Amino acid sequence: MKVVYISNKGETGGAARSQMALIEELRKKYDVTPIVLTYSKGILSKLCDEQGIENYALSYEPFMIGGGSTKLRKAVKTILMPAYKFRKSVHDKKALKVISKQIDFSEIDLIHTNTNRDDFGAILSEKYDIPHVWHIREFGDLDYDCIFLKLDAVKYMNSIKGVFITISDAVSRAWIEKGIDKARIYRVYNGIDTLKYDSETKRSFAEKDLKFIFTGTLYENKGQIQVMKALLMLPKEVRSHITVDFYGGGAKEYIDYLLKWCDEHGIADRIKYCGFSKNLNNILPQYDGAFVCSKAEGFGRVTVEHMLSGLIVIASDSGANPELIVDGVSGFLYKSQDVKSLCDCIIKVYNNRECLPQITETARKTVIDKFTKELNAEGVYSVYKKVAQQYGE
């Protein structure tokens, strides 16, 4: 089976990492020959080159864009909307012309677009009448305030020959509410390479101090400010033994706002901003726990990475988090957007050290049983076979 993969513009996020892990596994264990299209010559192109995977860099543009991480950025994006649409039209036409000369599409069995933000795969699907798999990896509105550049975008998505893969039941429900054809949705959980993470270290949690990590883009909907407010609310005798390190990029003005807030409220000694890191899997063993406080996490790749690494995960009860974590059994859930609930959850973890080792072991087993790259590839390949059967390929 020859499959063209459409990569998303952001190469450092969870979607890109999930795509490459999937391609590697499908190539190794199933009869899939990948051709990867990337937005530019970058990390993904280099990985493909290293593995001998045919790939082409094209400047296609998304048809769904983030709404902006601050009020000013949101306003600017709204004003620039006509310019975004024009740029997309120009870039997509150029990319289509270039790739049509590089690939013999009569030999292609399937086109797989990595995220819901991109429609270049759909454009190719329509032009060459090839079945299309659209991977929906986020809510779009609830998590990133995304805006469609195309009118009747959901109607357009439904009109494309093929199916949709969602990464959680929560994402499935959200897109069904938007109007995506329920009968064409297949839920396949993301999977990680378990060998890349330290799943052997056993923590006793006997030390009085607990060190937490919070990874991901620093952005209002990710919930970093909730952790800061919860720390401020903690009894002093607990707060003095809790530290949180934040890893990730983000808008400079928002990062500055968070750091200033910590300074003004006297908790700067409890918080550290560490910037973006490419080697989080090597850093995780330094920590006891992790926060996942997103307003709406589509899956939570970092959540399962933390669980596999033996960290106690404290997560909001929104999005896909309840699908990954059973409260009090494989981690802890607090009421989403409720700082008092988060504060109480931290206190519960701090005061109940004796149960934490068993919870981390259960969490590790959960990941190994449900969220590996092998299971992810098996699920996706099963969808490929159904699509091939349905469309007679």
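Going by the structure above, here's the rest.
Before going into details, it helps to say that this report is about the structure given with it. (Residues numbered from 1 in each chain as written. Predicted model: local features only at pLDDT ≥ 70, side-chain atom pairs only at ≥ 80, totals over all residues. Heavy atoms only, no water.)

This part is about the packing of helix H4 (residues 81-102) against helix H5 (residues 120-128). For the pair H4 and H5, interaxial distance at closest approach is 11 Å and the crossing angle is 55°. By the angle class used here, H4 and H5 are oblique. As for how H4 packs across H5, the hand of that crossing is right-handed. On the side of H4, the interface is formed by Asp92, Ala95, Leu96, Ile99 and Ser100, while H5 contributes Phe120, Ile123, Leu124, Lys127 and Tyr128. Taken together, the residues of the contact of H4 with H5 sort by class into 7 nonpolar, 1 polar and 2 charged. (Axes fitted to C-alpha atoms, helices over the stretch in contact; angles between N-to-C directions. Helix = DSSP H or I, 4+ residues; strand = E, 2+ residues; numbered from the N terminus. Parallel < 35°, antiparallel > 145°, perpendicular 65-115°, else oblique. Left-handed = near helix turned anticlockwise from the far one by under 90°. Contact = heavy atoms within 4.5 Å. Nonpolar A, V, L, I, M, F, W, Y, C, P; charged D, E, K, R; others polar.)

Further remarks concern the nonpolar core. Counting 44 residues, the largest nonpolar core has Trp134, Met157 and Trp175 as its most contacted members. Every element with two or more residues in this core is listed here: strand E6 (132-136), helix H6 (153-159), helix H7 (169-178), strand E13 (289-292), helix H12 (301-308), strand E14 (312-316) and helix H15 (356-370). In contact with Met157, other than residues within four places in its own chain, are Phe63, Trp134, Ile136, Phe148, Phe164, Trp175, Ile180 and Arg184. (Core = buried A, V, L, I, M, F, W, Y, C linked by side-chain atoms within 4.5 Å. Buried < 20%, exposed > 50% of the residue type's maximum accessible area, 1.4 Å probe, protein only.)

The final tally for this structure, using the stated rule, is 17 aromatic pairs. Geometrically, the ring pair formed by Tyr39 and Tyr60 is edge-to-face, given 6.4 Å between the ring centres and 80° between the ring planes. On the criterion of sequence distance, the pair formed by Tyr39 in the loop between strand E2 (33-38) and helix H2 (43-50) and Tyr60 in the loop between strand E3 (54-57) and strand E4 (64-65) is long-range, its members being 21 residues apart. Tyr60 carries the same exposure label as Tyr39, and that label is buried. (Phe/Tyr/Trp six-rings, centres within 6.5 Å; stacked < 30°, edge-to-face > 60°.)

Let us now look at the sheet that holds strand E9 (residues 185-187). Across the sheet, 7 strands lie side by side as E3-E2-E1-E5-E6-E8-E9; this open sheet has parallel pairing. The sheet is open, and its two edges are formed by E3 and E9, each paired on a single side. Each adjacent strand pair in this sheet contributes to an overall mean axis angle of 20°, direction not counted. In the packing of H5 onto the sheet, contacts are made with strand E1 (2-6), E2, strand E5 (110-113) and E6, and the angle to E5 comes to roughly 160°. (Pairing = 2+ DSSP bridges.)

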